[in-house]
Amino acid sequence: MWTSPEALIAILGMALVTFAVKAGGLLLANRLPRHGFAAAWLKHIPGAVLASLVAPAIVTGSPAELIAAAATALVFVATRSLLPAMAAGVLAVYLARLWLAA
Amino acid sequence: MSIATTPYRFSDQFYAGARACIPVVISVAAYGVVWGVLARGAGLSLLEVILMSGLVFAGSAQFVALDLWTVTPSTLPIGPLILAALIVNLRYLLLTATLRPLFRPDQQVKGALLMGIVSDETWAMTVGEMAKGRGTVAFLLGGGVFAYACWMATTVIGHTLGSAIDDPRTYGLDFAFTATFLALLLGMWKGKGDIIPWLVAALAAIISAKLIPGSWYILIGGIVGSLAGAIADKVRHVD
């Protein structure tokens, strides 16, 4: 079986709405004023979205992710570089989960 | 802001973008393989995997789609699949809105067409650059093409290899996203004005992630946090 018309329609539909949302954000932003409240709101979106992505993944109820987040932050502040910070986080969460499971 | 008008060599920025995305692409690859394995289990053919990864190119929406997928085409819930993709991807309205400074006002259509390549990861790396006064369309494209190629390759590998793959959590690879995003966030710190939006966003996201299934927490935290930041800015200017 290669595919079916139903699957093809579903995938194309998913692709279309996904692209519409991605393109829509940029086009809508262009209609917002470049000064005042709307500009201040747009300016704060990146930090707020990153904080939203990160916070639930850290506050899981298990200390492993909190320990790993602290290790990530320490290494990033010391090196100002993403790759070592990421490596420290992954290693810390791996070890912390092993240690907590033991 | 003159980010878009600063002269630069396209290839330099393209490679810089691809290089910058190496930490997050590790997570992309791990999840790509897992998605490929699960897609095979859910009954997607190799062609369907290639089409979905290539055309939809949105990890979270693709994972949700596997829950709804059926092996027999006649029972495939086409409407719910499309609606789920729309809902899961609504957060991209916020993400691509912040990429506006990369494009001149006369580049709107070109910019909109390029947004298909944006993912959480390459968006995060690009706004990280923009916060330092850098960041270009070429940087976004470099990361985007790299992540896209990696997602295509690893989802196909996962589908081909089948169940020989472990859960990324086993090796802590699920945390590569979180760690990189956290480091990016810390790198964007500009001063006390960031405390309110970040804290409000984090709290709103934690609470909504507990109460509402799916990826709504990103949208809710992002909107509530950024509005709190804008209101706090306004209050301080009035004082």
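For the structure itself, look to the data block above.
Quick notes on the rules
Residues numbered from 1 in each chain as written. Chains lettered and ligands numbered in written order. Predicted model: local features only at pLDDT ≥ 70, side-chain atom pairs only at ≥ 80, totals over all residues. Heavy atoms only, no water. 1 Å grid on protein atoms, 1.4 Å probe; cavity = no way out; pocket = protein on both sides within 12 Å on 5 of 7 lines; lining within 4 Å. Points joined across faces, edges and corners; volume = space filled by probe spheres on them. Nonpolar A, V, L, I, M, F, W, Y, C, P; charged D, E, K, R; others polar. Helix = DSSP H or I, 4+ residues; strand = E, 2+ residues; numbered from the N terminus. Buried < 20%, exposed > 50% of the residue type's maximum accessible area, 1.4 Å probe, protein only. Axes fitted to C-alpha atoms, helices over the stretch in contact; angles between N-to-C directions. Parallel < 35°, antiparallel > 145°, perpendicular 65-115°, else oblique. Left-handed = near helix turned anticlockwise from the far one by under 90°. Contact = heavy atoms within 4.5 Å.

Novice: Even after reading the chapter, I still don't get empty space enclosed by the protein, so can you show me in this structure?
Specialist: By rolling a water-sized probe across the atoms, one finds the places where empty space is left. One pass over the structure, following the stated rule, counts one cavity of 30 Å³ or more. Estimates place the volume of the largest cavity at around 50 Å³. In terms of lining residues, the largest cavity is bounded by 10 residues, among which Ser4 of chain A together with Glu48, Trp69, Thr70 and Val71 of chain B are the most central. Grouping the constituent residues of the lining of the largest cavity by class yields six nonpolar, three polar and one charged.

Novice: Explanation requested: unusual backbone geometry in the structure shown.
Specialist: Phi is mostly negative for residues that are not glycine, and the peptide bonds are mostly trans. Of note, the phi angle at Arg80 of chain A is positive, near 55°, even though the residue is not glycine. Among the secondary structure elements, Arg80 of chain A is positioned in the loop between α3 (63–79) and α4 (82–101). A positive phi is found at Phe57 of chain B, a non-glycine position, where the angle reads about 45°. Phe57 of chain B gets classed as buried once you look at its relative accessible area, which sits at 6%.

Novice: I would appreciate a short explanation of the packing of α4 of chain A against helix α10 (residues 175–187) of chain B in the present structure.
Specialist: When two helices pack together, their arrangement is captured by the angle between the axes and the distance separating the axes. Between α4 of chain A and α10 of chain B, the shortest axis-to-axis distance is 8 Å and the interhelical angle comes to 135°. By the angle class used here, α4 of chain A and α10 of chain B are oblique. In this structure, α4 of chain A crosses over α10 of chain B, and the sense of that crossing is right-handed. Residue-level contacts link Leu82, Ala85, Met86, Gly89, Val90 and Val93 of chain A of α4 of chain A to Phe175, Ala176, Ala179, Thr180, Ala183 and Leu184 of chain B of α10 of chain B. Across the contact of α4 of chain A with α10 of chain B, the residue classes tally to 10 nonpolar, two polar and no charged.

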